[in-house]
Amino acid sequence: MSLKTILAAAAAASACVCAEIIRELHSFRIVTYRIESKKLAGIGENVRLVFLSDLHNQVYGKGNKQLIEKIKEAKPALVLIGGDMLVGRKKKSAYRAALDFVTELVKLFPVYYANGNHEQRMKENPKEYGGAYQEYKAALEHAGVHFLENASCELICKRCRLRLTGLEIPTECYSHFKKVRMPKGAVKERVGEAKKESYEILMAHNPTYMEEYLNWGADLVLSGHLHGGIVRLPGGGGAVSPAFDFFPEYSGGHYKRGDRDIVVSKGLGVHTICVRLFNPAEAVVLELKEG
């Protein structure tokens, strides 16, 4: 094979990869996972939740109309938000697209919101980020959004008791290039004890600390943060996390750990590393069933 042929093939392959990246950056899909548990006894039929994470101000159609229409088609009982809907940058934090989207969403469904690292660092560092988070949260609470900031709420669905918890982990646990050990007992210290009589849904943005979440007592862990591993290997998992960890264990998808479930969203948007390859953005539908 001549050098000219090799170069032409390489150029064609590069063009195809670039085209695919552009396509994936401007589209999303709906993925559905069935969640079955004995603790969901009495929940009834066709109970769906929608889980959204890592929008980062992405817009799919004017006012995110395309995304809202797909969520409406799922007919969820609740919409759960797992954080990083906006982009937190020092003195330049942007939240308008996220605010408009969630405000429209709560007109249609009950919305429960747990923070990601972007919201959390904006909240915890007002000197660096100004009052953007406080303004954002106040507007959404006024619209009817329920924020779960190291807090829980209990909901009754038919004859089943669901408990939703939003966890904010120590900010140092979002460090790049290395995994920082989470202090022992940090989850319990922040959100209290899990209740064995309820089906515990824990929204914990960073999936790196899955053992800590399961040891706390979560029946279903909902995470995001890793954007699907940015580039996914065909037939495999994510290649690299936004924190530059290679081949993260929980990069995106539905995982079983005994009788408990883990769902990690690949997210709806990007920031900083604006690449998706073999890694479509997604909104997640959870179908709850008695197991």
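For the structure, check the block above.
Quick notes on the rules
Residues numbered from 1 in each chain as written. Predicted model: local features only at pLDDT ≥ 70, side-chain atom pairs only at ≥ 80, totals over all residues. Heavy atoms only, no water. Helix = DSSP H or I, 4+ residues; strand = E, 2+ residues; numbered from the N terminus. Buried < 20%, exposed > 50% of the residue type's maximum accessible area, 1.4 Å probe, protein only. Contact = heavy atoms within 4.5 Å. Polar contact = N/O pair within 3.5 Å; in protein donor to acceptor, adjacent residues only side chain to side chain. Pairing = 2+ DSSP bridges. Axes fitted to C-alpha atoms, helices over the stretch in contact; angles between N-to-C directions. Salt bridge = Lys/Arg side-chain N within 4 Å of Asp/Glu carboxyl O.

A. Molecular detail of the overall build of the protein chain. Looking only at helices and strands, the protein chain has eight helices and 12 strands in total. Seen along its three principal axes, the alpha-carbon backbone of the protein chain occupies a region of about 70 × 45 × 40 Å. Expressed as a percentage of the 291 residues in the protein chain, the buried residues total 53%. Within the protein chain, residue pairs in contact and separated by at least 24 positions form 71% of the contacts whose partners lie at least 6 positions apart.

B. Expanded view of the side chain of Gln-58. Looking at the secondary structure, you find Gln-58 in the loop between strand S2 (47-52) and helix H2 (65-74). For Gln-58, a relative accessible area of 16% gives the class buried. Here the side chain of Gln-58 touches Leu-25 through a polar contact of 3.2 Å, landing on its backbone oxygen. Non-local contacts of Gln-58, meaning those with residues more than four positions away in its chain, are made with Leu-25, His-26, Asn-64, Leu-268 and Gly-269.

C. Molecular detail of the sheet that holds strand S1 (residues 28-37). With respect to topology, six strands assemble into an open sheet ordered S1-S12-S2-S3-S4-S5, the strand pairing being mixed. This sheet does not close on itself; its edge strands, each paired only once, are S1 and strand S5 (146-147). For strand S4 (residues 111-113) and S5, the ladder comprises two bridges, and the chain directions are parallel. Counted as the bridge partner of Tyr-112 is His-146 from S5.

D. Seen up close, the sheet that holds strand S10 (residues 253-257). Pairing is mixed in the open sheet, where six strands are placed in the order S6-S7-S8-S9-S11-S10. Where the open sheet ends on each side, the last strands, each with one partner, are strand S6 (151-157) and S10. Sheet twist, expressed as the mean angle between neighbouring strand axes with direction ignored, is 20 degrees. When S10 meets strand S11 (residues 260-264), the two strands line up antiparallel, connected through five bridges. In the sheet register, His-254 faces S11, and the bridge partner there is Val-263.

E. Structural detail: unusual backbone geometry. Although it is not a glycine, Asn-150 sits at a positive phi angle of roughly 50 degrees. Tracing the chain through its elements places Asn-150 in the loop between S5 and S6. Even without a glycine there, the phi angle at Thr-272 is positive, about 65 degrees. Along the chain, Thr-272 turns up in the loop between S11 and strand S12 (281-290).

F. Molecular detail of the pattern of salt bridges. Evaluated as defined, the whole model comprises 22 salt bridges. Between Glu-20 and Arg-23 there is a salt bridge, and its shortest N-O distance comes to 2.8 Å. Of this pair, Glu-20 and Arg-23 both sit in helix H1 (residues 3-25), three residues apart, which is roughly one turn of that helix. With a relative accessible area of 45%, Arg-23 lands in the partly exposed category. Measuring nitrogen to oxygen at the nearest pair gives 3.7 Å for the salt bridge that ties Glu-36 to Arg-34.

G. Region of interest: the environment of Asn-64. Inspection of the secondary structure puts Asn-64 in the loop between S2 and H2. Sequence separation of Asn-64 and Asp-100 is 36 residues, and the distance between their C-alpha atoms is 8.6 Å. With near-sequence residues (within four places) excluded, Asn-64 lies in contact with Leu-55, Gln-58, Val-59 and Phe-101.

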